[in-house]
Amino acid sequence: MATRGSRGSGGAGAQLPEVVPFDLAHLTRLSWELGSRVIDDDGVSCHGEWEHRDALWAVSVFDVTGETVVVQVRTPTGREHFYGAARMDFEAARPALDAAPAWRSRG
């Protein structure tokens, strides 16, 4: 029987990079191909964009369904990583992003 461990048990699933000032409990890593296709869809809108004060890291959040967001993280080398998450989990975590002194909203 398979069991699913918590973050502290060493069986962690997908995680955002440590530089991102929030964590999402139920996060799914998406391939680059899937993530880029999803955010380019006509029905998808950008929920918000933030950049690190050094402008090397960036986070964008896209509304993809009524209950789902895709989080795009751009690294200093320009790589894009995509994660799927529940909208309510992101909304609960967003104050940490808005309050982080090293991050600013791009619009």
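Attention in this report is confined to the structure presented alongside it.

Focus on the overall build of the chain
Counting secondary structure elements, the chain contains two helices and six strands. Listing the helices and strands of the chain from first to last along the sequence gives β-α-β-β-β-β-α-β. By residue count, 37% of the 107 residues in the chain fall in the buried class. Restricting the contact set of the chain to residue pairs at least 6 apart, pairs at least 24 apart contribute 49%.

Some thoughts on the sheet that holds strand β6 (residues 103-105)
One open sheet holds the six strands; their spatial order is β1-β5-β4-β3-β2-β6, and the pairing between them is antiparallel. Of all the strands in the sheet, just β1 (27-30) and β6 have a single pairing partner and so form its edges. Taking the axes of each pair of neighbouring strands and ignoring which way they run, one obtains an average angle of 25 degrees across the sheet. Pairing of strand β2 (residues 45-52) with strand β3 (residues 58-63) involves six bridges; the strand directions are antiparallel. Bridge pairing in β3 places Cys 46 opposite Phe 62. Contacting β1, β3, β4 (68-74) and β5 (80-86), helix α1 (residues 32-40) runs over the sheet at an angle of about 65 degrees to β5. Where helix α2 (residues 87-99) meets the sheet, its contacts fall on β2, β3, β4, β5 and β6, and the angle it forms with β2 comes to roughly 30 degrees.

Here we look at the pattern of salt bridges
Following the criterion strictly, the structure yields five salt bridges and no others. For Arg 94, the salt bridge identified is with Asp 98, shortest N-O distance 3.2 Å. Of this pair, Arg 94 and Asp 98 both sit in helix α2, separated by four residues, roughly a single helical turn. With relative accessibility at 24%, the residue Arg 94 sits in the partly exposed group. With relative accessibility at 44%, the residue Asp 98 sits in the partly exposed group. Ionic contacts of the salt-bridge type, sharing partners, join the residues Glu 51, Arg 104 and Arg 106 into one network.

Conventions adopted
Residues numbered from 1 in each chain as written. Predicted model: local features only at pLDDT ≥ 70, side-chain atom pairs only at ≥ 80, totals over all residues. Heavy atoms only, no water. Helix = DSSP H or I, 4+ residues; strand = E, 2+ residues; numbered from the N terminus. Buried < 20%, exposed > 50% of the residue type's maximum accessible area, 1.4 Å probe, protein only. Contact = heavy atoms within 4.5 Å. Pairing = 2+ DSSP bridges. Axes fitted to C-alpha atoms, helices over the stretch in contact; angles between N-to-C directions. Salt bridge = Lys/Arg side-chain N within 4 Å of Asp/Glu carboxyl O.

Nothing here speaks to function; it is geometry throughout.
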